[in-house]
Amino acid sequence: MMEIQRRTSRPVWVGKVQVGGDAPIVVQSMTNTSTADVQATVRQINELADLGCEIARVAVPDRHAAAALPDIVRHSPVPVVADIHYDYRLALAALKAGVHGLRLNPGNIRDPEKVRIVVRLARERGVPIRVGVNEGSLPPLPPLADGEMPPPKWQRMVDAALWEVRILEEMGFDQIKVSLKAFDVPTTIAAYREIARQTPYALHIGITEAGTLRSGSIRNAVGIGLLLAEGIGDTIRVSVSADPKEEIPIAYDILRALNLRQRGPTIVACPTCGRIEVDLIPLALRVEEHFQKLGQPITVAVMGCVVNGPGEAREADIGIAAGKGKGAIFRSGQVVRVVDEADYLSALVEEGQKVIAEKASG
Ligand code: SF4
């Protein structure tokens, strides 16, 4: 398995979770409940955490949301980041409530003195700040000289981030993460490449307003995936217009595809073709469902014939080269048994359980 060489970033701690440095890439998400509703928000954070979400961000649009933060922080199983726009006083309230991280938007908190007030309290409380730029809320362009072209969007995003980063740096504050999210994938990539070149900070990467479940997943996978493949990115948030619970498996699938992290099973399944003689797709889905429930890292290959089947099955922890009537079950490259078609699923489950038990015992 080939490993991606990651950019070395300066680590920060969001509560108990390290982001950057030698930490694995952290998966995070954002709630879409009303933050003022403590019960609904904590319930959603718990659901996200069960799926593998490691940091939860909550919007803090007003003082009612800020007032709910102490209870949310107290009951959340994962560190909580407060998402702040416009009003620095909400950031102060969030810090006093005990949040583990802040996201500030340099596009709409433009007064350096207000930023400094927040930084002072964040430092006192040991809370990192994400400088979170979004292409939809960039600071206004300064007046252009006659004939001068405006800078490209990615450059404006980088400039907006650096404006705030410099304020933090001047105060000796280095618990910094940066994000530069756009809908447009090439713009996002250009912005992150530049900030990765110019600063040592941990990068939170994502694509904003990416779209509905299918198209948004692909946009996220391409944008986040390309950056991760270049070694850029310390924490990711997939965003799709769907239940936030959808985001977490997509995030892990992106990380898994790049050999960066594995949570739960990796299912290798052939796309099927005219050679197929078994009903493979339902089998692959049932295998996936079974091993996903177990939540253990295991690679299972479900292949439809002897052309690529044995090759792929050999690479996996367990696999099947399924033929008409009979199929060969592989374990770590060796055929361990030949089973009848009716027993394909149960044989894979049985062998899988043995592998999981062996991995668990070291
Ligand atoms: Fe076709 Fe066999 Fe390849 Fe599946 S493994 S796609 S059935 S050739």
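The rules we used
Residues numbered from 1 in each chain as written. Predicted model: local features only at pLDDT ≥ 70, side-chain atom pairs only at ≥ 80, totals over all residues. Heavy atoms only, no water. Pairing = 2+ DSSP bridges. Helix = DSSP H or I, 4+ residues; strand = E, 2+ residues; numbered from the N terminus. Near = heavy atom within 4 Å. Nonpolar A, V, L, I, M, F, W, Y, C, P; charged D, E, K, R; others polar. Domains from an automatic or database assignment. Axes fitted to C-alpha atoms, helices over the stretch in contact; angles between N-to-C directions. Contact = heavy atoms within 4.5 Å. Polar contact = N/O pair within 3.5 Å; in protein donor to acceptor, adjacent residues only side chain to side chain. Core = buried A, V, L, I, M, F, W, Y, C linked by side-chain atoms within 4.5 Å. Buried < 20%, exposed > 50% of the residue type's maximum accessible area, 1.4 Å probe, protein only.

Explain the sheet that holds strand 8 (residues 176–181) to me, please; I cannot follow it from the model alone.
Strand pairing in a sheet is mediated by backbone hydrogen bonds. Such pairs are either parallel or antiparallel. With respect to topology, eight strands assemble into a closed barrel ordered 3-4-5-6-7-8-9-10, the strand pairing being parallel. Bridging between strand 6 (residues 101–104) and strand 7 (residues 129–134) involves three bridges; their strand directions are parallel. Each residue of the ladder has a partner; that of Arg103, found in strand 7, is Arg130.

Whenever I open this one, the site of the ligand confuses me. Can you help?
Surrounding the ligand, one finds Cys270, Pro271, Thr272, Cys273, Arg275, Ile276, Met303, Gly304, Cys305, Val307 and Asn308. Across the shell around the ligand, the residue classes tally to seven nonpolar, three polar and one charged.

Any chance you could explain the domain arrangement of the chain here in plain terms?
How big an interface is tends to be expressed through the accessible area that disappears when the partners come together. Assigned domains of the chain: these are domain 1 (12–257) and domain 2 (265–360). Computed from C-alpha atoms alone, the centre-to-centre distance between domain 1 and domain 2 is 39 Å.

I would appreciate a short explanation of the sheet that holds strand 15 (residues 334–340) in the present structure.
The sheet built from five strands is open, its strands ordered 11-12-13-14-15 with mixed pairing. Edge positions in the sheet fall to strand 11 (266–269) and strand 15, since each of these pairs with one other strand and no more. When strand polarity is set aside, the average angle formed by the axes of neighbouring strands in this sheet is 15°. Those strands touched by helix 9 (residues 280–294) are strand 11, strand 12 (299–303) and strand 13 (318–322), and its axis lies near 170° from that of strand 12.

Honestly, the environment of Thr235 in this entry has me stumped. Any pointers?
Within the secondary structure layout, Thr235 lies in strand 10 (residues 235–236). Residues Thr235 and Val19, spaced 216 residues apart in sequence, show a C-alpha to C-alpha distance of 6.6 Å. Excluding its chain neighbours within four sequence positions, the residues that come into contact with Thr235 are Val19, Ile25, Val26, Gln28, Leu203, His204 and Ile205. Looking at Thr235, its side chain comes within polar contact range of the side chain of Gln28, at 2.8 Å.

Would you mind going over the side chain of Gln18 with me for this structure?
If you trace the backbone, Gln18 turns up in strand 2 (residues 17–19). A distance of 3.0 Å separates the side chain of Gln18 from the backbone oxygen of Gly20, its partner in a polar contact. Polar side-chain contacts of Gln18 include one of 3.3 Å to the side chain of Asp22. Filtering out sequence-adjacent residues up to four positions away, Gln18 remains in contact with Pro11, Val12, Trp13, Ala23 and Val26.

Would you take a moment to explain the nonpolar core for this structure?
A general tendency of soluble globular proteins is for nonpolar side chains to be buried together. The biggest cluster of nonpolar side chains holds 81 residues, and the ones touching the most others in it are Val60, Ile84, Leu102, Val178, Leu180, Ile195 and Leu228. If you tally residues by element for this core, the top one is helix 5 (residues 153–170), at eight residues. Those residues within four positions of Leu180 in sequence are excluded, and the remaining contacts are Val133, Met157, Val158, Ala161, Thr188, Ala191, Tyr192 and Ile195. Judged by nonpolar contacts, the second largest core, of 29 residues, contains Val278, Val300, Ile329 and Ala347.

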